[in-house]
Amino acid sequence: MRVLMIGAHQDDNEFRCGGLANKLIKLGHEVRFLSCCNGCGGHHIMNAEETVKRRAGESAAVAALLGIRYDVWDNDDCSLVADLETRRKLIRYIREFAPDLVISHRQNDYHADHRAVGLLVQDASYMLTVPHECPDVPAMRIMPVIMYYEDRFMNPPFRPDVLIGVDDVIDIKLQIAHLNVSQVYEWLPYTYEEEVPEGEAERFEWLKGMEITKDTTDEEIMTATRGYSVRFAKVAARFRKELIKRYGVEYGSKIRYAEAYEVSEYGAPLTGAVKEMLDDAAAFFGKVY
Ligand SMILES: [Zn+2]
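Rules and cut-offs
- Residues numbered from 1 in each chain as written.
- Predicted model: local features only at pLDDT ≥ 70, side-chain atom pairs only at ≥ 80, totals over all residues.
- Buried ≥ 20, exposed ≤ 12 C-beta atoms within 10 Å, placed from the backbone.
- Helix = DSSP H or I, 4+ residues; strand = E, 2+ residues; numbered from the N terminus.
- Contact = placed C-beta atoms within 7 Å.
- Pairing = 2+ DSSP bridges.
- Core = buried A, V, L, I, M, F, W, Y, C linked by C-beta atoms within 7 Å.
- Axes fitted to C-alpha atoms, helices over the stretch in contact; angles between N-to-C directions.

Visitor: Mind showing me how you'd approach helix 9 (residues 228-238) here?
Guide: A turn of α-helix holds 3.6 residues, and therefore any two residues three or four places apart point the same way. Every buried residue belonging to helix 9 is among Ser229, Val230, Phe232, Ala233, Val235, Ala236 and Ala237, and all of these are buried. Contacts from the buried residues of helix 9 go to helix 5 (170-179), helix 7 (200-208), helix 8 (218-223), helix 10 (240-252) and strand 7 (258-263).

Visitor: What should I look at first to understand the pairing of strand 7 in this one?
Guide: Consecutive residues of a regular strand have side chains that alternate between opposite faces of the sheet. With 3 bridges connecting them, strand 5 (residues 145-149) and strand 7 associate as antiparallel partners. Counted as the bridge partner of methionine 147 is valine 263 from strand 7. The sheet contact formed by strand 6 (residues 162-165) and strand 7 spans 4 bridges and is antiparallel. In the sheet register, isoleucine 164 faces strand 7, and the bridge partner there is glutamate 259.

Visitor: What is the right way to read the nonpolar core from this model?
Guide: In summary, soluble globular proteins display a tendency toward joint burial of nonpolar side chains. Membership of the largest hydrophobic core comes to 68 residues, with the highest contact counts inside it found for Met5, Ala236 and Ala258. Among the elements that line this core, the one with the most residues is helix 9, at 6 residues. Beyond its immediate sequence surroundings of up to four residues, methionine 5 is in contact with Asn13, Cys17, Ala21, Val31, Phe33 and Ile103.

Visitor: Just checking my understanding: could you explain the sheet that holds strand 6 for this structure?
Guide: Backbone-to-backbone hydrogen bonds join strands into a sheet, with any given pair of strands oriented parallel or antiparallel. Ordered by their spatial adjacency, 7 strands build an open sheet running 3-2-1-4-5-7-6, and the pairing between neighbours is mixed. Where the open sheet ends on each side, the last strands, each with one partner, are strand 3 (69-72) and strand 6. Within the sheet, the average angular offset between the axes of one strand and its neighbour, ignoring direction, is 25 degrees. For strand 1 (residues 2-7) and strand 4 (residues 101-104), the ladder comprises 3 bridges, and the chain directions are parallel. Residue pairing across strands places leucine 4 opposite valine 102, the latter belonging to strand 4. Against the sheet, helix 4 (residues 112-127) engages strand 1, strand 4 and strand 5, with an angle of about 155 degrees to strand 4.

Visitor: What is the right way to read the environment of threonine 217 from this model?
Guide: Inspection of the secondary structure puts threonine 217 in the loop between helix 7 and helix 8. A tally of 9 C-beta atoms within 10 Å means that threonine 217 is categorised as exposed. Separated by 20 residues in sequence, threonine 217 and alanine 237 have C-alpha atoms that sit 8.3 Å apart.

Visitor: What exactly am I supposed to notice about unusual backbone geometry here?
Guide: The general pattern is negative phi for most residues beyond glycine and trans for most peptide bonds. Omega for the peptide link from asparagine 155 to proline 156 comes to 0 degrees, which places this bond in the cis form. Note on placement: proline 156 falls in the loop between strand 5 and strand 6. Its identity as a non-glycine residue notwithstanding, cysteine 78 has a phi of 65 degrees, on the positive side. Summarising the element assignment, cysteine 78 is placed in the loop between strand 3 and helix 3 (84-97). A residue is classified by how many C-beta atoms lie within 10 Å of it, and cysteine 78, with 14 of them, is partly exposed. Non-glycine residue cysteine 134 carries a positive phi angle of around 50 degrees. Along the chain, cysteine 134 falls in the loop between helix 4 and strand 5.

Spelled out as structure tokens, the structure:
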């Protein structure tokens, strides 16, 4: 199966579906990342050109770690618009890869680039199968399933249709965060006025934040304020009820890290082979215990 994850920026796919990406690759599926923006806005010292180059290097390292193709489009950060030209570029891009599953942003989001990508994917979705739209690239005969990443925006709230426990691949997800050096150790700490410790090992520990054990409560996780371990654990804590429903009490109450997805009504319904693939990815986790 082919799975396309479409983010606005080079960390949107990584942090929201890096665990699922890693599981799907291990299960023998093909995963591709697309970042619609080039990363130029994400630094306070380097200029735009230097930042784009540095971000490209970091994304290449993520691609090598995961074993995926990773495309970055040359749109400047904070400038992405869901116009006809970009929609058609996306239609052609999706058709050429012909994914069975597409994962991207919802339109309900704080960042204009995220909203633009959400709208572009929605605008492209029906046209994927319309032969006279972008006739230079053959239309798809089968509509992919489309899912949205988890977010915390409330109007309307995100609906967790699909839950994937990612405890077994959390080290890789944290490693992915660690590879985005210019972001996690430079730009984001600058924006939050945080002090980053010296030394590779020390700063990686700082990046992870609070140590999460089997005894850490959901309340402790939900009230913790920083660190990528906490960030990834919050998804499991937030959707504990749904995890227990999905995995049963034994596993569902133990899972520390999860990813959640909402199925878009504009793609194919989540049935058949795509559902089986996601069930496999979710069940793969169970073998950890
Ligand atoms: Zn983003």
